[in-house]
Amino acid sequence: MTAPRYDVIAIGNAIVDVVASCSDELIDELGLNKGGMTLVDEDQARELYDAMGPAREISGGSAANTLAGLSALGAQCAFVGQVADDQLGTVFAHDIRAVGIDFDTPSRPGQPSTARCLIFVTPDGQRTMNTFLGASQFLPAKALDEEAVSAASILYLEGYLWDPEEPRAAMRRAIESAKTAGRKVAFTLSDGFVIARHGDDFRKLIADGLIDILFANEAELAALTGADDFEAGLAQLAPLVPVLVVTRSEKGAVAVAQGERAQVAAEPVDHVVDTTGAGDLFAAGFLFGHVKGEPLALCLRRGAIAAAEIISHYGARPEADLAELMRQKLG
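Residues numbered from 1 in each chain as written. Predicted model: local features only at pLDDT ≥ 70, side-chain atom pairs only at ≥ 80, totals over all residues. Heavy atoms only, no water.

Chemist: Lay out the sheet that holds strand S4 (residues 56-60) with the relevant residues and their values.
Modeler: On the basis of which strands lie adjacent, the open sheet formed by five strands has the order S3-S8-S7-S2-S4 and mixed pairing. Looking at strand neighbours, the two that pair on one side only are strand S3 (37-39) and S4, the edges of this open sheet. The mean angle between the axes of side-by-side strands here comes to 20°, regardless of whether they run parallel or antiparallel. Contacts from helix H2 (residues 42-51) reach strand S2 (15-21), S4, strand S7 (115-121) and strand S8 (127-132), with the element oriented near 40° to S7. Helix-sheet contacts for helix H4 (residues 87-98) involve S2, S4 and S7, and the interaxial angle to S4 is about 70°. (Pairing = 2+ DSSP bridges. Helix = DSSP H or I, 4+ residues; strand = E, 2+ residues; numbered from the N terminus. Axes fitted to C-alpha atoms, helices over the stretch in contact; angles between N-to-C directions. Contact = heavy atoms within 4.5 Å.)

See below:
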């Protein structure tokens, strides 16, 4: 097996986060679900964008956020995701490349346009999110750079993107390429609604030995196993995957690898500002340690440190120097 060119290559939704401050009155005027996340169509997205004040536009999406954390820690990363040939597609490509991540997926001509999450932040700090998934749902298998997938130590897959048919086919092909090359496949379950729709697929991937590292939170563990008791769910799933990582919010996280169990407390945070991206950055810290061959407990600690940094401010991208933060806390 040749030496890897990338530490991690990820496939996920290519979404531009558009973030703007607003008044509570505007939330009411627009009839938005304050503090929630709502899927919208393209016309609604356009109307909401027009109603926003001055905004920041940042490349987002769960897997892309994880790669941003990994890149900040010094990992070599690449991203596969679909944008349209439009202004926001250009924003996404520029922004993700600017943080050191290779991104070479060709833009998609025509409609729908690039995915975006329009985020209205009210004075109380609540984020009201309205997501148009657009072009991100149409990543075709032919857009996959199988050579790049084969050249990465770990292929990281975003569960959210398993829902639409084309990206699901692309991810299946990517799994084949990674496995043929002797690489590892990491998968994040993303959300309970994804498991409700595709749990049988995920269980088969696990049973077939195609998932090497599985990320879940407590609710997702319960949804996948059918066990309401945490320890029962862990005992059921852990023997089926080489590495199982389960985050538990303020209760920290647990990982089990080949019978070895490690756990870590949540990293102290003075004030939790915004939990968006906490799981994404936890995965970044854990994967960074895993690629370096570090002990399970240290991988978990890295994940906890990265997650704590992200929930201490708005947005799902690190604001502190993550590598320096790790040095300070880990020595």
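Chemist: Describe the side chain of Arg248, listing the residues and the values that go with them.
Modeler: Along the chain, Arg248 falls in the loop between strand S12 (243-247) and strand S13 (253-257). A relative accessible area of 17% means that Arg248 is categorised as buried. Side-chain polar atoms of Arg248 contact the side chain of Glu218, separated by 3.0 Å. The residues touching Arg248, leaving out its near neighbours within four places in the chain, are Glu218, Phe230, Ala253 and Val254. (Buried < 20%, exposed > 50% of the residue type's maximum accessible area, 1.4 Å probe, protein only. Polar contact = N/O pair within 3.5 Å; in protein donor to acceptor, adjacent residues only side chain to side chain.)

Chemist: Give me the lowdown on the environment of Asp124, citing residues and values where you can.
Modeler: Relative to the assigned elements, Asp124 resides in the loop between S7 and S8. Exposure remark for Asp124: the relative accessible area of 45% places this residue in the partly exposed category. Here the alpha-carbon distance between Asp124 and Asp24, two residues 100 residues apart in the chain, equals 9.0 Å. A distance of 2.8 Å separates a polar atom in the side chain of Asp124 from a polar atom in the side chain of Lys34. A polar side-chain atom of Asp124 sits 2.7 Å from a polar atom in the side chain of Thr122.

Chemist: Tell me about the packing of helix H11 (residues 296-311) against helix H12 (residues 322-330), residues and numbers included.
Modeler: Two elements in contact, H11 and H12, have axes whose closest approach is 10 Å; the angle formed by their N-to-C orientations is 125°. Considering their axes alone, H11 and H12 lie oblique with respect to each other. Relative to H12, H11 is oriented so that their crossing is right-handed. Touching Leu298, Arg301, Arg302, Ile305, Ala306 and Glu309 of H11 are Leu322, Leu325, Met326, Lys329 and Leu330, all from H12. (Parallel < 35°, antiparallel > 145°, perpendicular 65-115°, else oblique. Left-handed = near helix turned anticlockwise from the far one by under 90°.)

Chemist: So what's going on with the confidence of the model for the protein? Which residues, and what values?
Modeler: Chain-level statistics for the protein give a pLDDT mean of 92 and a share of 99% at 70 or above. Here S3 stands out as the least confident element of the protein, with mean pLDDT 85; strand S1 (residues 6-11) is the most confident, with 98. (pLDDT = per-residue confidence, 0-100.)

Chemist: With reference to specific residues and values, describe the sheet that holds S12.
Modeler: Here nine strands make up an open sheet; going across it, the order is S6-S5-S1-S9-S10-S11-S12-S13-S14 and the pairing mixed. Edge positions in the open sheet fall to strand S6 (101-103) and strand S14 (260-264), since each of these has one partner strand only. If you compare each strand with its neighbour and ignore which way they point, the axes differ by 20° on average. Examined bridge by bridge, S1 and strand S9 (residues 152-158) share five bridges and lie parallel to one another. By the bridge assignment for S9, Val8 is matched with Ile154. Across the sheet, H11 touches S12, S13 and S14, and the angle it forms with S14 is around 30°.

Chemist: Hey, could you go over the side chain of Ser136 for me, with residue numbers and the actual values?
Modeler: Looking at the element boundaries, Ser136 is found in the loop between S8 and helix H5 (146-150). The buried category is assigned to Ser136, whose relative accessible area is 0%. Residues contacting Ser136, with those up to four places away along its chain left out, are Asn13, Ala14, Gln82, Ala115, Leu161 and Pro167.

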